[in-house]
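The primary structure of each chain is shown beneath.
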Amino acid sequence: MPELPEVEVVRSGLAPAVTDAVITGVDVLDERALTRHDRVRGDFATLLTGRRMLGAARRGKFLWVPLGSVSGLTGTGATAVSGRTTVPGSIAVPGATAASDAPGEAILLHLGMSGQVLLREAGTPLERHARVRLSLEHPVHGELAVHFVDQRTFGSLALDTLVATPDGAAGGFGVDLCSVPSQVAHIARDPLDPAFDDMRFFAALRARRTTVKRALLDQTLISGVGNIYADEALWAARVHFEQPTASLSSRKARELLAEVRAVLQKALAEGGTSFDAQYVNVNGAAGYFAHSLNAYGRQGQACARCGGTIVRATFMNRSSHYCPRCQRVR
DNA sequence: TATTTTACCTGAGGGC
DNA sequence: TGCCCTCAGGTAAAAT
């Protein structure tokens, strides 16, 4: 499932292909892929066509592509047929940097449960669950296509407005701009973000009247952590998933945050976690971190640390995996 | 206001 | 073989 490492793998693969590319066409194959897009702003395809992409950024599990101004050719021939908007002719503007390129908008993207962003050569046949296709003209790589593929349709794209970050730091990983899409503004920074405030996180943990795994999954407290890496970090820190946050000692809270960072970084180094075809990088390749899991999905198997048996418990209508011998509520 | 629960969604896999 | 049911889980809205 796409959590921070998987989304970062997608971002880093996407960035070189989209930076300075111009969107020459947008195919919306399934409107459900645009549930985050506010139709009042206008038609998604029309709004995007002719825009220049300035890079690829990420905070937690959210991705966004800041956009430059509409190219000079937009409005000279953009057509929309059955959801397809196309600007005829070459509209690549390599190296163009106008004052109007100040990014005020971005393509927002969330992979949901099963979303994939695939980088394809122009004309590549669409995948079975392809929802949106962006056709690009890149000054170096030429014609490219970005396919947004999503089996369960929990993922979504939108054109969103960028808003300033309250702390004045860069909005996310991959950009220097001190702004984030409005739909990401309420999401906390992720623990790999240099601007993540450890002390603020610890204070929030103490103030919450909840349990530790709920807190780790709360994207307004710390972003990027999902069910898999929450279980792994809790296992590594020897913390039970139902430990009340207010009862965590300062030392244990620091240890837990360190383990969250460690597990995310290790997963990132291994290309993310793939259990099936639901997570792949922009080239369609799977990650290897599933081989390194110590708790998630290992119910009935021996704990690698103490030899106890890993248990799967029901938690928030999903699952939680832990070792009852070395992860106890204290 | 803070926290918890539910809806959304599709395909794989198991049981009959 | 085919049908039905359960399960997976991130986000946001609804409920408590």
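First things first, this report covers the structure right here in the doc. (Residues numbered from 1 in each chain as written. Chains lettered and ligands numbered in written order. Predicted model: local features only at pLDDT ≥ 70, side-chain atom pairs only at ≥ 80, totals over all residues. Heavy atoms only, no water.)

So, about the protein's contact with DNA strand B. Arg32, Arg128, His129, Gln151, Arg152, Thr153, Phe154, Arg208, Arg209, Thr210, Arg214 and Asn317 make up every residue found near DNA strand B. Protein-proximal atoms of DNA strand B, defined as those within 4 Å of the protein, fall in sugar or phosphate at a share of 73%. For DNA strand B, a phosphate oxygen lies 2.9 Å from a polar atom in the backbone of Arg209. Taking Arg214, its side chain carries an N or O atom lying 3.1 Å from a phosphate oxygen of DNA strand B. Class assignment of the residues belonging to the surface near DNA strand B gives a composition of one nonpolar, five polar and six charged. (Near = heavy atom within 4 Å. Polar contact = N/O pair within 3.5 Å; in protein donor to acceptor, adjacent residues only side chain to side chain. Nonpolar A, V, L, I, M, F, W, Y, C, P; charged D, E, K, R; others polar.)

In this structure the tally under the stated criterion is four aromatic pairs. Pairing Phe201 with Phe202 gives two aromatic rings, centres 5.9 Å apart and planes at 50 degrees, and the pair type is tilted. With a relative accessible area of 4%, Phe201 lands in the buried category. Seen in terms of ring centroids, Phe241 and Phe315 are 5.5 Å apart; in terms of plane orientation they differ by 85 degrees. Their pairing is edge-to-face. Pair noted here: Phe241 is in the loop between helix 5 (227–237) and helix 6 (250–269) and Phe315 is in strand 13 (residues 311–315), with a separation of 74 residues, a long-range link. The exposure classification of Phe241 matches that of Phe315, with both residues buried. (Phe/Tyr/Trp six-rings, centres within 6.5 Å; stacked < 30°, edge-to-face > 60°. Buried < 20%, exposed > 50% of the residue type's maximum accessible area, 1.4 Å probe, protein only. Helix = DSSP H or I, 4+ residues; strand = E, 2+ residues; numbered from the N terminus.)

It is worth spelling out the protein's contact with DNA strand C at this point. Neighbouring DNA strand C are 17 residues, the closest being Arg36, Met113, Phe154, Tyr296 and Arg312. Near the protein, meaning within 4 Å, the atoms of DNA strand C are sugar or phosphate in a fraction of 65%, with bases accounting for the rest. Here a sugar or linking oxygen of DNA strand C and a side-chain polar atom of Arg36 are 2.8 Å apart. Within the side chain of His186, a nitrogen or oxygen atom sits 3.2 Å from a phosphate oxygen of DNA strand C.

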